[in-house]
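Inside the fold
Read off the chains here:
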Amino acid sequence: MISFVLFSVGRAWQGFWRNAVMSLAATATMVLMLLLLAGFWIIQTGLLAGLQFTEQKVEVVAYLQTNATDTQVADLQARLKTMPEIASVAYVSRDEALVRFRDSMAAQGRQDLTRYLDNNPLYASIEVKMVDPSQVRVVGDALRGDPSVRNVINIEDLVDRVLTVTSILRTAGTVVLVVVGVIVLFIIVNTIRLAVVARAEEIEIMRLVGASDAFIRWPFVFEGAMVGLFGAVITLGGLYFLADPIGAFMVDFFRVLPLSFGTLARDLVVLVSAAGLGLGVLGSWLSVRTYLIR
């Protein structure tokens, strides 16, 4: 088995350079397709990170009664923290709410009229962030049932819209990646098929002298793997030199969101390497198989 693999790899290496024009054309096609795939992956990663950040910002705000005691507020917070749907609970006092309001007015350049009032008109509140935004109704019902809660801001419709949009974008991103992958496979299969057809006479001679289909097929499969690996290496090299412009673009495009793309480089290496090798092998297998069953 080992000798057969080594023989097939040797034949693949010879075949790659013996038909250098077709091999380089297949490699160039692989590079272009992998760059396209990597580009879509980068864009989708940024969009999904933005959607995840948006979901994390969804929170339920409950305003408290003015006569709510410290004990009632503490009991409410303790009960909320035990709910599995809730990620964190924060208490905002009336004084803190007033400071926030004044800071907001100053940031917008608007006049603060609260200083003309005799007392603080704002209510203390409980701000609840959830593990899963889809559970906003459960959290809202729990808050409304507490006697210390004056009212709960109804954001259920907004959350439903946000979740609908995120679901559509995630699905669309996945579909686009799958479509791009299928297009890449189609192009690679036809490119490698041209190389197989160009060596039709050699294949026919091997069949006439009794070579098995496996003996004929595996050198082409390894040759396809070489095309995929060379294409992946060239693509990753290009992305490495483009890392600074790509990073600057990602930061600038998503500058309104404090996003982190720390795993993007690792994901790109895995994606490009796996896609290059997989598409090269699969494309060669399908091309040779189609030719051999004629």
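See the structure printed just above.
The shown structure was predicted, so the numbers you read here are calculated from the model rather than taken from an experiment. (Residues numbered from 1 in each chain as written. Predicted model: local features only at pLDDT ≥ 70, side-chain atom pairs only at ≥ 80, totals over all residues. Heavy atoms only, no water.)

Pairing is antiparallel in the open sheet, where 4 strands are placed in the order β2-β3-β1-β4. One side of each edge strand has no neighbouring strand; the edge strands of this open sheet are β2 (86-92) and β4 (149-152). Averaged over all adjacent pairs, the angle separating strand axes in this sheet is 25°, with direction ignored. Seen against the sheet, helix α3 (residues 70-81) touches β1 (59-64), β2, β3 (125-130) and β4 and runs at an angle of roughly 165° to β2. (Pairing = 2+ DSSP bridges. Helix = DSSP H or I, 4+ residues; strand = E, 2+ residues; numbered from the N terminus. Axes fitted to C-alpha atoms, helices over the stretch in contact; angles between N-to-C directions. Contact = heavy atoms within 4.5 Å.)

It is worth spelling out the side chain of Glu-127 at this point. Structurally, the position occupied by Glu-127 is in strand β3. Since its relative accessible area comes to 16%, Glu-127 is described here as buried. Looking at Glu-127, its side chain comes within polar contact range of the side chain of Arg-100, at 2.6 Å. Leaving out residues up to four positions away in the same chain, Glu-127 has contacts with Glu-59, Val-60, Val-61, Ser-88, Val-89, Ala-90, Val-92 and Arg-100. (Buried < 20%, exposed > 50% of the residue type's maximum accessible area, 1.4 Å probe, protein only. Polar contact = N/O pair within 3.5 Å; in protein donor to acceptor, adjacent residues only side chain to side chain.)

Nonpolar side chains in soluble globular proteins tend to be buried together. Core analysis: the largest hydrophobic core is formed by 22 residues, its most contacted members being Val-60, Leu-80, Ile-126, Val-128 and Leu-143. When residues of this core are traced back to their parent elements, those giving at least two are β1, α3, β2, β3, α5 (136-144) and β4. Setting aside residues up to four positions removed in sequence, Leu-80 forms contacts with Ile-86, Val-89, Ile-126, Val-128 and Leu-143. (Core = buried A, V, L, I, M, F, W, Y, C linked by side-chain atoms within 4.5 Å.)

Looking at α5, one finds that the buried residues are Val-136, Val-139, Gly-140 and Leu-143. Looking straight down α5, one finds its buried side chains confined to an arc of 100°; they lie on one side. (Arc of directions from axis to C-beta.)

For the rest of this paragraph, the subject is the pattern of salt bridges. By the definition in use, this model includes 5 salt bridges. Taking the shortest distance from any N to any O, the salt bridge between Asp-146 and Arg-79 comes out at 2.1 Å. With Asp-146 in the loop between α5 and β4 and Arg-79 in helix α3, the pair connects residues that are 67 residues apart, well separated along the chain. You can call Arg-79 partly exposed: its relative accessible area is 41%. When the shortest N-O distance is used, the salt bridge between Arg-266 and Asp-267 registers 3.4 Å. Exposure remark for Arg-266: the relative accessible area of 52% places this residue in the exposed category. It is possible to trace a salt-bridge network through shared partners that takes in Glu-96, Arg-100 and Glu-127. (Salt bridge = Lys/Arg side-chain N within 4 Å of Asp/Glu carboxyl O.)

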